[in-house]
Amino acid sequence: MRKTKWGSLQLLMCGTVVAGLAGCSWMPWTEKEDPTVVPFKTIVSGAYQGFLKNWDDKRQPVFCTLIRSRADWDQWMNPAPVTGDKRPYGPSSAHFDTKQYLLVARVMRAPDAAERPHVFTPLSVTLRNDTLRVNYLYREPASGASYTIKDYLMLAIPKERYTTGPVVFYENDRKVCQLDR
């Protein structure tokens, strides 16, 4: 009998907590979603079997683009097939029905394995007055490597959140490029 009462009490307490938490989302003081904040997902530069095509990095040290279709992807990305590698060459064409990619790249001294994930750090993607703003940190590699590489930051954003207007890229709070669409 004692175990039954204790089990009933635990069940009642658990049910009360769950109901209380569920009810919090219905309360009028909960925060509304900020429509200026665009959700993004970082795509690491090794996610696909391919690499970014060359650009004139002397004339344009920071390269920026918006990839909205498979044709755009093929314009800027090159497949690099490797035997036994199961990674795709890029997103499927159907993927571009719902997603688009913001890409910023640099030619830099090759980072070592420890600093590579910290070279580009995305901070925010916002949409205000029909202008999409991409804000990120860039830390120049200090590895001392004797060679350079092309590396990039790629962010996937929902297609319905941005359709047209300028895209401005800010690196370390400094405007580095603008795409006019």
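No experiment lies behind these values; they were computed from the predicted model shown.

(A) Summary view of the overall build of the protein chain. When you go through the protein chain residue by residue, the secondary structure sums to 2 helices and 10 strands. Each helix and strand of the protein chain, placed in order from N terminus to C terminus, yields the pattern α-β-β-β-α-β-β-β-β-β-β-β. The 181 residues of the protein chain split such that 33% are buried. Put simply, the protein chain shows about 11500 Å² of open surface, and 57% of that area lies on carbon and sulfur atoms.

(B) Here's a closer look at the sheet that holds strand β6 (residues 120-128). Across the sheet, which stays open at both edges, the 4 strands sit in the order β6-β7-β9-β10 with mixed pairing between neighbours. The sheet is open, and its two borders are formed by β6 and β10 (174-179), each paired with just one other strand. This sheet shows a mean twist of 20° between the axes of neighbouring strands, independent of strand direction.

(C) Local environment of the sheet that holds strand β8 (residues 148-158). Within the open sheet, the 4 strands sit side by side as β1-β8-β5-β3. Their pairing is antiparallel. The outermost strands of the open sheet, each flanked by one partner alone, are β1 (41-43) and β3 (62-67). Neighbour-to-neighbour, the strand axes of the sheet open up by a mean angle of 20°, direction not taken into account. Sheet analysis places β3 next to strand β5 (residues 99-109), joined by 6 bridges and oriented antiparallel. When the bridges of β5 are listed, T65 appears paired with L103.

(D) Expanded view of the pairing of β5. When you tally the buried positions in β5, you get 8 out of 11 residues, the bulk of the element. Examined bridge by bridge, β5 and β8 share 11 bridges and lie antiparallel to one another. Paired with R109 across the two strands is T148, which belongs to β8.

(E) Spotlight on the pattern of salt bridges. Within this structure, the stated rule accounts for 6 salt bridges. In this structure, the salt-bridge partner of D85 is R87, at a minimum N-O distance of 2.6 Å. Of the charged contacts in the structure, one is a salt bridge between E171 and R106, with a shortest N-O distance of 2.8 Å. On the criterion of sequence distance, the pair formed by E171 in strand β9 (residues 167-171) and R106 in strand β5 is long-range, its members being 65 residues apart. Connected through salt bridges with shared partners, the residues R106, E171 and R174 form a single ionic network.

(F) Layout of the packing of aromatic side chains. Per the stated rule, a full pass over the model turns up 7 aromatic pairs. With a centroid separation of 6.0 Å and 50° between ring planes, the pair formed by F120 and Y136 is classed as tilted. Here the residue F120 occupies a position in strand β6, and Y136 occupies one in strand β7 (residues 131-138), the gap between them amounting to 16 residues. Take F120 and Y136: they sit in the same class, and that class is buried. Aromatic ring contacts, followed pair by pair, group Y48, W73, F96 and Y101 into a single cluster. Taking the ring centre of Y138 as reference, the NZ or CZ of R106 above it sits at 4.4 Å. The lysine or arginine in question, R133, covers the ring of Y170, its NZ or CZ lying 3.7 Å from the ring centre.

Procedures and definitions
Residues numbered from 1 in each chain as written. Predicted model: local features only at pLDDT ≥ 70, side-chain atom pairs only at ≥ 80, totals over all residues. Heavy atoms only, no water. Helix = DSSP H or I, 4+ residues; strand = E, 2+ residues; numbered from the N terminus. Buried < 20%, exposed > 50% of the residue type's maximum accessible area, 1.4 Å probe, protein only. Areas by Shrake-Rupley, 256 points an atom, 1.4 Å probe, with all protein chains shown as cover. Pairing = 2+ DSSP bridges. Axes fitted to C-alpha atoms, helices over the stretch in contact; angles between N-to-C directions. Salt bridge = Lys/Arg side-chain N within 4 Å of Asp/Glu carboxyl O. Phe/Tyr/Trp six-rings, centres within 6.5 Å; stacked < 30°, edge-to-face > 60°. Lys NZ or Arg CZ within 6 Å of the ring centre and 35° of its normal.

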